[in-house]
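Summary of structural features
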Amino acid sequence: MSGFETYLMSRMAREDSHTLEGYKAQGGYATLERVLKDMQPSEVTEIVKASGLRGRGGAGFPTGLKWTFMPDASKDPRDRYLAINGDESEPGTCKDRVILDEDPHGLIEGVLMACYAMGCAASYIYIRGEYRHQYRRTEAAIAEARAAGLIGKNILGSGFDCEIYMHMGAGAYICGEETGMMESLEGKRGHPRPKPPFPAGFGLWGQPTTVNNVETIFNVPFIVERGAEWHRSMGTEKSPGNILVGISGNVKRPGVYEAPLGISAKTLLESPDFAGGLHDGRKLKAWFTGGSSTGMVPGSTIDTPMDHDGMQSIGAMLGTAAMIMIDDSQCVVRAMEVVARFYDHESCGQCSQCREGTQWLHQIFRRIEQGKGLPQDVDMLTAIASGMAPGKTICALSDAAAIPANQMVKHFRAELEEHIQSGGCRINHTGNFARGASAPTEVHA
Amino acid sequence: MTKITLNGREIEVDASKPLIAACEENGVDVPRYCYHPGLSPEGSCRICQVEVSEGGRPPRVVVSCRTPITEGMVVNTETPEAHETRRQCLEFLLKNHPLDCPICDKAGECTLQDYSFAEGQTEGKTEEPRRKLEKRMDLGDVIVLDQERCILCTRCVRYQEEVTKKPELTNAGLASNTYITTFGERPLTGNYQGNLADICPVGALTLKQFRFQARVWNLEKESSICGECSRGCSISAEVLRRNEVKRIRPLFDADVNKWWMCDTGRFAFEHFNDAERLTGGLVASGDNLLVTTTKDALARAAEVLGTGGKAAVVGSAWLSQEEAAALAALAGALGTKAVFVSPEANELKDDLLHTGDPAPNRRGLEELGLKAVSAADAAAAVAGAELAVLAGERVLAGLADENLGTAKLVTFDTGPCLAAGVEVCLPAPFHIEKVGTWLNVDGLERNLTVARKAPAGVEPLDRSLNTLHAALAGAGAQA
């Protein structure tokens, strides 16, 4: 790859990149040693703040600023925790998986630095239930690091104590919501908590807690090692740095790629360094910009910078930068049915709007796709979505289900109406695109 | 205290309470399902949305049960946006609700009905079949669960966790397949299950005992006091056709029972509906008891007691202060002191409400100087006398197993006396039929009111006793 510096995936080429030996051979833990020896915790926070690093979990909140929300330790002596969100469940997203698989020590070093900066004596890494291999890799890395005196009491002789625990989810999407994840860590049902109180004041077991995404924390050692200025030299002014982009769908080379924020989505799709374009002879019909929650936008918007502002300009979101490409051989209504089914399945069931609304949206999209749509259904979709969002429920899952529905009506109303009028889908879906509640075959004849 | 503006009115409220409580205290009723003042706020039903503006910022719609009160907050519960948000929320709640109101015991006191009506959510737009779940899940001796009607407010789950400290209920499943159940589908336990039917805002948790018994709008509801233990919980006695008590429910009393009552008290009302109720006088004639009017029987009682001789006066623990004072005065005229039969403590004592002492007015009676005696001691006193007055609800039941000897008996109770020495039986009201005062275990004074009118012929007991006392004094003055 040319034209920009890469660092996030720089170590992963080595066969033993996931081991302590492989990590140390590439300079691992040297920065941690320097931090513990020569730097004050506040200096670490300052560097992260100055670097402009934004959270990679989807919302893009400035990481350094988030860290400063933790109460002042001199006034609030309670134990404090760092919780790492590795419940990567957003459809299309698979960036944390690469980190956990190939470079778990990079994450551990980042965790230790963040804990040092915020004065956390313990950290929890929450990994989604389906990531068994990644869990074992990370678990093994933690064991190695502990044996080498990098985790536990008096790390590297600095007097700094830090424990890292792992927790495996049981496969619920909602446990990726930060407060749902905390409930799950506490051994309860993963029901998100109403905010306020915010995690920084009342988090895990009621103690101050910061929740960061795996990729966010993975960025920290690079930034601390090379400085805030270096980080700001990449990406854009408001969204600096590189990001792991997941590209899936009807592309030649789906996968996870490292790219600077602000790079054109068109480059990511078409460059042979990245996805290598759509299959020959196909045209881009629609794409999800950053996971299913961000909704589908028309293919014509592909030449937009992949950063928070750029995505906002086309009415979408950067999310987790998980792009799903849908070409003209596919049906967007069918794609939307799958997304709606996902939210119907994954709502935690607490809030009325979300519990019933996700089901309702799914039912209507399914009906339209099956050719049983009614003329009033399209407006009904908008009405349901407006009852579900924005900000009408405890967490953002309701919004995440409502946004794609709204985007669908906004950009692809004609397709919906065509389905309703012509009594079903023109496209013959072969392959197992949607399992379970999929359409009966005669509709697709 | 914090100053806020509520619907254009400037008021001072306690900022430690949720906004919805401040609204309620100031006469503004905000719809609620998951919120209950006796439980921790959950914030999941999302119906209690009101419009709030803080620090001059543009107003936004928030849930009033989880929004902290801040100084200068401007709250408006009636804006079109707030109404629309609540209406939309109801539309979602009604999507899978079976709408079986015609056969639902909750109909008439169901807040899903009330708020749907208030917010104008009258039309269902869903084309899909409604959720099918367990319609009659048996949760033990007290409660039946209808999972289809449930709107998942989780009041019941929190009640079991926080009030009874028996976390037996839970929500299971995910998303639109969430439902309420018990762990392992085991029956509920404990003496406080009935409250679940009260706090359930819809007809999901209903009382087995009340199932299909009456339409709630046909019930006349009046306040009274529970007579099953010395706690003296405030209750609502609910009467069908001015006659039959169909249901007892707790009424809020901050110092006594809060929102709750035990199942022992809740279901102890069958005896109020006793067909063998004494509604007139009975006087002995040879071996028979002849029916007569209350007035004539009272005159006969005065004659019996006027004959003189050693007397015993025994009351029941259900006497009101007023009745006990009248009984004590009568005892004085008969040259003795009134005592009351003290029922034995039972096994029902718990940490929540039940005191284990079935005497509801023990504290009051003792303050008036009536001595608590066991049934055996009371019977011995009666047997050792020539005349005896037995007065009060359940006094005869308390002495039923005892030998009362051959003393001439004048009794005032809800039923007739069948002992050997009975001369006159007079009717007395149940405690839900009388005005009076009880002192509970903590010395708190609570008023009895007429929740059900006593049948014709049943005079207030204190009045009967005073009449009898006056007749004796008159006879004494003439003699």
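Residues numbered from 1 in each chain as written. Chains lettered and ligands numbered in written order. Predicted model: local features only at pLDDT ≥ 70, side-chain atom pairs only at ≥ 80, totals over all residues. Heavy atoms only, no water.

Concerning the interface of chain A and chain B
Taken together, the contact between chain A and chain B spans 34 residues of the former and 30 residues of the latter. Where chain A abuts chain B, roughly 2600 Å² becomes buried across the two surfaces, and 51% of that area is made up of carbon and sulfur atoms. Joining chain A to chain B, the criterion identifies 2 salt bridges. The partner of B:Arg131 in a salt bridge is A:Glu356, and the shortest N-O contact between them spans 3.3 Å. (Contact = heavy atoms within 4.5 Å. Buried area = accessible area lost by both parts, 1.4 Å probe. Salt bridge = Lys/Arg side-chain N within 4 Å of Asp/Glu carboxyl O.)

Brief notes about the sheet that holds strand β16 (residues 311-316) of chain B
One key point about sheets: their strands pair by backbone hydrogen bonds, in either a parallel or an antiparallel sense. Residues and elements named next belong to chain B. Read across the open sheet, the 8 strands follow the order β15-β14-β21-β20-β19-β16-β17-β18; overall the sheet is mixed. The open sheet terminates on both sides in strands that have one partner only, identified here as β15 (288-292) and β18 (371-373). For this sheet the average axis-to-axis angle between neighbouring strands, irrespective of direction, equals 25 degrees. One ladder, built from 5 bridges, connects β16 with strand β19 (residues 387-391); its direction is parallel. Looking at the pairing, Gly 315 lines up with Ala 391 of β19. Where helix α7 (residues 294-306) meets the sheet, its contacts fall on β14 (281-285), β15, β19, β20 (408-413) and β21 (422-427), and the angle it forms with β21 comes to roughly 140 degrees. Set on the sheet, helix α8 (residues 321-333) makes contact with β16, β17 (338-341) and β19; between it and β16 the angle comes to about 175 degrees. (Pairing = 2+ DSSP bridges. Helix = DSSP H or I, 4+ residues; strand = E, 2+ residues; numbered from the N terminus. Axes fitted to C-alpha atoms, helices over the stretch in contact; angles between N-to-C directions.)

Looking at the confidence of the model for chain B
Mean pLDDT for chain B: 94, with 99% of residues reaching 70 or above. Of the two predicted TM-score estimates for the complex, the pTM is 0.92 and the ipTM is 0.90. (pLDDT = per-residue confidence, 0-100.)

Quick look at the sheet that holds strand β7 (residues 284-288) of chain A
Residues and elements named next belong to chain A. Here 5 strands make up an open sheet; going across it, the order is β6-β5-β9-β7-β8 and the pairing mixed. Looking at the sheet topology across the chains shown, the edges are occupied by β6 (255-260) and β8 (296-298). Pairwise comparison of adjacent strand axes, ignoring direction, gives a mean angle of 30 degrees for this sheet. Sheet analysis places β7 next to β8, joined by 3 bridges and oriented antiparallel. Across the sheet, the residue bridging to Trp 287 is Val 297, located in β8.

Some points on helix α2 (residues 30-38) of chain A
Residues and elements named next belong to chain A. Among all positions of α2, only Thr 31, Leu 32, Val 35 and Leu 36 are buried. Summarising the axial view, the buried residues of α2 lie within an arc of 130 degrees, below the 170-degree limit, and thus occupy one face. What points out from α2, more than 90 degrees from its buried face, is the exposed set Lys 37 and Asp 38. If you follow the buried residues of α2, they end up packed against α3 (41-51), α6 (104-118) and α9 (214-226). (Buried < 20%, exposed > 50% of the residue type's maximum accessible area, 1.4 Å probe, protein only. Arc of directions from axis to C-beta.)

A word on the pattern of salt bridges
Scanning the model with the defined rule gives 65 salt bridges over all chains in all. The closest approach of N and O atoms between A:Glu5 and A:Arg226, which form a salt bridge, is 3.5 Å. Residue A:Glu5 is located in the segment before α1 (20-25), and its partner A:Arg226 is located in helix α9; the two are separated by 221 residues in the primary sequence. Residue class for A:Glu5 comes out partly exposed when judged on its relative accessible area of 36%. Overall, the relative accessible area of 33% leaves A:Arg226 in the partly exposed class. Its salt-bridge partner being B:Lys221, residue B:Glu109 comes within 3.5 Å of it at the nearest N-O pair. Linking B:Glu109 in the loop between α2 (80-95) and α3 (111-119) with B:Lys221 in strand β11 (residues 219-225), this pair joins segments that are 112 residues apart in sequence.

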